[in-house]
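As a plain string of letters, each chain reads:
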Amino acid sequence: MSPASARRPRRVSKAVPEQVPGIPLTEPTEGVPEPLTTIDQFAECAAALRRGSGPVALDTERASGFTYSSRAYLIQIKRTGSGLFLLDPILEPEGLAR
């Protein structure tokens, strides 16, 4: 190697990541659960969530555009080891506070 070539920066080629086609997720892996609507079902859900581990994923749907209310009309909760739950608190809103 000559002294001139030793001073020249080497070209490093960057690898182009392989393009992987996206897979649309149209429903949860374990299927869409039936909505829970009673105080007893909410309590069973809470017990299952306590048995799970790790972070809790939570999503709420509201109908404020139609009713001008900030109440949750559907609550989706998932935790590893617990499963996926849909809660519909409209008929028993106090059941969520227990």
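Residues numbered from 1 in each chain as written. Predicted model: local features only at pLDDT ≥ 70, side-chain atom pairs only at ≥ 80, totals over all residues. Heavy atoms only, no water.

### Side note on the overall build of the chain
- Scanning the chain from terminus to terminus reveals 3 helices and 4 strands.
- Start at the N end of the chain and walk to the C end: the helices and strands fall as α-β-α-β-α-β-β.
- Counting across all 98 residues of the chain, residues that qualify as buried make up 21%.
- Accessible area for the chain stands at about 8,300 Å²; split by element, carbon and sulfur atoms hold 56% of it. (Helix = DSSP H or I, 4+ residues; strand = E, 2+ residues; numbered from the N terminus. Buried < 20%, exposed > 50% of the residue type's maximum accessible area, 1.4 Å probe, protein only. Areas by Shrake-Rupley, 256 points an atom, 1.4 Å probe, with all protein chains shown as cover.)

### Overview of the side chain of Ser 82
- Mapped onto the elements, Ser 82 comes out in the loop between β3 (72-80) and β4 (83-87).
- When its relative accessible area of 14% is taken as the criterion, Ser 82 is described as buried.
- Here the side chain of Ser 82 touches Ala 48 through a polar contact of 2.6 Å, landing on its backbone oxygen.
- In this view, Ser 82 contacts Ala 48, Leu 49, Arg 51 and Gly 52; residues no more than four positions away in its chain are not counted. (Polar contact = N/O pair within 3.5 Å; in protein donor to acceptor, adjacent residues only side chain to side chain. Contact = heavy atoms within 4.5 Å.)

### Quick look at the environment of Ile 90
- Topologically, Ile 90 is positioned in the segment after β4.
- On a C-alpha basis, the gap between Ile 90 and Thr 37 in space is 7.8 Å, while along the polypeptide they are 53 residues apart.

### Points about helix α2 (residues 39-51)
- Taking 1.5 Å per residue, 13 residues should reach 18 Å; α2 reaches 19 Å between its end C-alpha atoms and fits that length.
- Listing the buried residues of α2 in full gives Phe 42, Cys 45, Ala 48 and Leu 49. All buried residues of α2 project into a common sector of 125° when viewed along the axis, lining one side. Structural note: α2 exposes Asp 40, Glu 44, Arg 50 and Arg 51 on the side pointing more than 90 degrees away from its buried face. (Expected span 1.5 Å × (residues − 1). Arc of directions from axis to C-beta.)

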